[in-house]
Amino acid sequence: MTGFLSRVQRRGLWVAFLLMAAYAPFTAWLTDDATWFLSIVVAGLVATVLIADDFERDARRARRD
């Protein structure tokens, strides 16, 4: 079953999550200010959407069974 994200959207969000999570330490090392925190916040928001999609998938699977 699918959640509210398509397979392509889900894959794109995983790529975005991994890129932002990997970019944050690099930015923190490169700059002296706290701009790296934006990468962490965006990665957290993307992860929240992925978790919500997982819950929707599980709920639809449970209703089907």
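Coordinates for the structure precede this section.
Structure report, in brief.

Cut-off values and rules
- Residues numbered from 1 in each chain as written.
- Predicted model: local features only at pLDDT ≥ 70, side-chain atom pairs only at ≥ 80, totals over all residues.
- Heavy atoms only, no water.
- Patch = residues over 30% accessible without salt bridge, like charges linked within 9 Å, V, L, I, M, F, W, Y side chains within 5 Å.
- Areas by Shrake-Rupley, 256 points an atom, 1.4 Å probe, with all protein chains shown as cover.
- Salt bridge = Lys/Arg side-chain N within 4 Å of Asp/Glu carboxyl O.
- Helix = DSSP H or I, 4+ residues; strand = E, 2+ residues; numbered from the N terminus.
- Buried < 20%, exposed > 50% of the residue type's maximum accessible area, 1.4 Å probe, protein only.
- Expected span 1.5 Å × (residues − 1).
- Contact = heavy atoms within 4.5 Å.

On the surface, a nonpolar cluster with roughly 450 Å² of combined accessible area is contributed by Trp36, Phe37, Ile40, Val41 and Leu45. Residue position: Val41 is located in helix α2 (residues 36–64). Given a relative accessible area of 35%, Val41 falls into the partly exposed group.

In this section: helix α1 (residues 7–30). The terminal C-alpha atoms of α1, which comprises 24 residues, lie 35 Å apart, in line with the 34 Å expected from a rise of 1.5 Å per residue. Those residues of α1 lying buried are Arg10, Ala24 and Thr27. Buried residues belonging to α1 abut α2.

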